[in-house]
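# A closer look at the structure
For reference, the chains in residue letters:
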Amino acid sequence: MQRQSAARLGPLLLLLLLPLAWGKGPSPPRAAEELQVSNRLAGQAARVALHYLNYRLGSPSALRALGQVRKATLKTIPGIGHKYYLQFTTEDYKSSLNVGTCLATVFYLKRKPRPAVNINCTYTKDQKQIREDDYSFYKKMRQQTKPIIGNDIPDSYGNIEPALEPAWALAVAGSSYLMWEKSTENLGYFMAQVKNVKQWITKDDSIDFDYSVVLHEIPTQEMISCHLRVIWTPGHPLKVKYFCLSENQWSESEEGSGTESGSTNGIFNEKEAHF
Amino acid sequence: VFKMPPSPSVHPAQLKMKGLFVFAVLLAAAFSRETFVGNQVLRIFVADEASVEKVKELEELPELQLDFWRGPGGQDVPIDVQVPFASLQAVKIFLESNCIRYSILIDDLQSLVDEEQTQMIRQHFMPRSVETFNYASYHTLDEIYDFMDLLVAANPNLVSKIQIGNSYEGRPIYVLKFSTGGTKRPAIWLDTGIHSREWITQASGVWFAKKIVDSYGKDPSLTSILDNLDIFLEIVTNPDGFAFTHTTNRMWRKTKSVNAGSACIGVDPNRNWDAGFGGDGASSNPCSETYHGPYANSEREVKAIVDFVKSHGNIKAFISIHSYTQLLLYPYGYTSTRAADYQELDNIAKAAVAALSSLYGTQYRYGSIITTIYQANGGTIDWTYNQGIKYSFTFELRDTGRYGFLLPANQIIPTAKETWLALMTIMEYTRDHPY
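Reference entry: report on the structure contained in this document. (Residues numbered from 1 in each chain as written. Chains lettered and ligands numbered in written order. Predicted model: local features only at pLDDT ≥ 70, side-chain atom pairs only at ≥ 80, totals over all residues. Heavy atoms only, no water.)

## Details of the overall build of chain B
Going by this rule: Only DSSP runs of H or I with at least four residues qualify as helices, and only runs of E with at least two residues qualify as strands; both kinds are numbered from the N terminus onward. Note on exposure labels: buried denotes an accessible area under 20% of the residue type's maximum, exposed denotes more than 50%, and partly exposed covers the range between, all computed with a 1.4 Å probe on protein chains only. Contact between two residues is taken to exist if any of their heavy atoms lie within 4.5 Å; hydrogens are not considered. The method behind every accessible area is Shrake-Rupley, applied with a 1.4 Å probe, and residues are considered shielded solely by the protein chains displayed.
Within chain B, the secondary structure is distributed over 14 helices and 12 strands. Counting the 435 residues in chain B, one finds 57% classified as buried. In chain B, once contacts between residues fewer than 6 apart in sequence are set aside, the share between residues at least 24 apart is 72%. Per element, the accessible surface of chain B, about 17,900 Å² overall, is 53% carbon and sulfur.

Here's what the structure looks like:
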């Protein structure tokens, strides 16, 4: 008798619990605060989102830089962390022309080593052109019999030799991985200079570069020296290994989708994105 | 299998005997010409300890005149060495016969040196006048100091040069005074180069100096500013650091003062002022880039300005210029308490940024230091503001991070031009709102 009534109660209980599953039930208090677009933490979070995007796209010709923050909200999740909701414009890294808007969330978790990023962007740059530019760099590097080498890119006067520019762009893409990993809510990075680049001629399909880079750390103002190994095949995720002088072991990018710390839906065409 | 090298280079068999004085003398004579023709830089890959030891054997032979750019370390650490032409064959044969892999990092060192010289000459053409001075390139300390003298000589009724002190390493610290007369008129202070690696600022300072003399008598607004106020411009606020960025470390920020009890040199001159000195927005570690120093005004470069400002007593606007990240900032940096004149400063900043942007569309953010950039204790304009200099501002010039400190020279004039519009906005406001 008891078992029968319990069996009937089961589905009823499930029905009662459903609204909670949909989030209509009580939830922990979350403080949400709209930030001024000039707020430094908003800008910092936007840059982190772009480091992540630049790494995941893994394309020297598609690198983006921050334009302007259009909207920023901060949610404090007690005991867990701070989550930034951002809308910002972006510029092509080389030409500084506007190339679209992004929506991103950047979640600084107390218990995880690196920020979790979700980012979606519109894209106004010609995708075909990007693929062609990437491929022409790739081909040129594959055809090298003597490995490409270089120092101080840019040099003290800001010059970048045109022949070394794609290698510099690849360093930016590789450094983006490292800058994403190292960024915290309060510590941000810029890639200041490639001190050294050396190509490894490989027998497989990839191109392979060894870099020494200098990162500029904010707000400490320190210049951090890092060693970077970047392995790239167009259309495939960048493989990055790095070692910074303040650490005592190599860190390495994951292969595959690596969605546990973030995701990007890449490119889609939408005229207006609402937040 | 290897061939015997032709004379007069060193025979590899003799390497094993160590010490061939004749060859040492010959090579020393050849080397004293100070030319690198035919010299190469090799990168040696040592896969095991035995190979490291073999390379170390080469180090023991002074007659080879090897110059290790990166000396032998552990296995797997590449070794970089400059090898004079005369020793090349022997060294390569030695490596090959010991199965030590190497690559040629620099094929011909002399051509690299020549290239660099050409670059330097192109950059550092000694001007004969302020009209032929190259404003679109970066200059050395000597060149900027020469420029100042040329400017004063060409405009003796408008410009004078004042020495306000000496740097730690004994360099004179100069300020240009632009004045049309009067006695201790209210004044506007501009400084650039307090952080030596921010090269766009000193370069802009040079341009501003020329702009002032070009505009007086031609631009009505600047003319009326100078008819009522004086302008002081300190172009190289940190000369020791600046010289160091040219000779040794392009990324040097601080002064060059020696820190007692530490191997690390230098104090951050923008954390050394007496405003919230020593708080969280600065470091107490001498090795840090934001080290505040042992006490406020410990740095001669800072003390010189403090003494000048106090003894002048009539400065009405103080603008300190940095790079990068494209910001216009007002006090405070050391506290989140709003400055008493917050609203007025914010309005001025907004107008100045709009003026800047009107030229090329360059976007700046503006706000108080602590909300817009980060907490900073012991900063310049917090001190000047607390001294009663109401219109105290800091600029962070171009860019937003692509080139950062290494801004290409072709951006010097555009940056200076747009920044000048913002400076004019602030100076006009100062002129029109005496206090």
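## Here we look at helix α2 (residues 40–57) of chain A
Residues and elements named next belong to chain A. The condition that has to hold: A helix is expected to span 1.5 Å multiplied by its residue count minus one. N or O atoms within 3.5 Å of each other form a polar contact, as long as, within protein, one can give a hydrogen and the other can take it, and as long as residues adjacent in sequence are counted only when both atoms are side-chain atoms.
The end-to-end C-alpha separation of α2 is 26 Å, in line with the 26 Å expected for 18 residues at 1.5 Å each. Burial within α2 is extensive, with 14 of its 18 residues counted as buried. A distance of 2.7 Å separates the backbone nitrogen of Leu-41 from a side-chain oxygen at the start of α2, and that oxygen is part of Asn-39. Positive phi appears at Gly-58, one or two residues downstream of α2, with a value of about 55°.

## Points about the interface of chain B and chain A
Note the cut-off: As a working definition, buried area equals the accessible area (1.4 Å probe) given up by two parts on being put together, with both sides summed. Salt bridges are identified by distance alone: a Lys or Arg side-chain nitrogen within 4 Å of an Asp or Glu carboxyl oxygen.
Of the residues lining the interface, 38 residues belong to chain B; the matching set on chain A comes to 35 residues. When the area that chain B buries against chain A is broken down by residue, the three leading residues are Tyr374(B), Arg402(B) and Leu406(B), summing to 24%. For the pair chain B and chain A, the interface holds 1 salt bridge. With a closest N to O distance of 3.1 Å, Glu91(A) and Arg402(B) form a salt bridge. Where chain B packs against chain A, one counts 16 residue pairs in polar contact (both at pLDDT 80 or more).

## Looking at the nonpolar core
Keep this limit in mind: Only buried residues count toward a nonpolar core, which is a set of Ala, Val, Leu, Ile, Met, Phe, Trp, Tyr and Cys residues joined through side-chain atoms within 4.5 Å.
Of all hydrophobic cores here, the largest spans 131 residues; its most connected members are Phe88(A), Tyr211(A), Phe178(B) and Phe395(B). Element by element, the count of residues in this core is highest for helix α4 (residues 165–182) of chain A, at 11 residues. Sequence-distant contacts of Tyr211(A), defined by excluding residues within four places in its chain, comprise Ala167(A), Leu170(A), Ala171(A), Val194(A), Asn196(A), Val197(A), Cys226(A), His227(A), Leu228(A) and Val230(A). Counting residues in hydrophobic clusters, the runner-up holds 35 residues, among them Val175(B), Ala187(B), Val306(B) and Tyr324(B).

## Some details on α4(A)
Each turn of an α-helix holds 3.6 residues, which means side chains three or four residues apart point in the same direction. For α4(A), spanning 18 residues, the distance from its first C-alpha to its last is 25 Å, which sits close to the expected 26 Å at 1.5 Å a residue. Burial analysis of α4(A) places 16 of its 18 residues in the buried class, which makes it a mostly covered element.

## A few points about the environment of Thr372(B)
Inspection of the secondary structure puts Thr372(B) in helix α12 (residues 369–372). Since its relative accessible area comes to 2%, Thr372(B) is described here as buried. Expressed as a C-alpha distance, the spacing of Thr372(B) and Leu327(B), which sit 45 residues apart in the sequence, is 8.0 Å. Those residues in contact with Thr372(B), other than ones at most four positions away along the chain, are Ser38(A), Arg40(A), Leu327(B), Leu329(B), Arg365(B), Tyr366(B) and Gly367(B). Within polar-contact distance, the side chain of Thr372(B) engages the backbone oxygen of Ser368(B) at 2.7 Å.

Interpretation in functional terms is not warranted from these geometric data alone.
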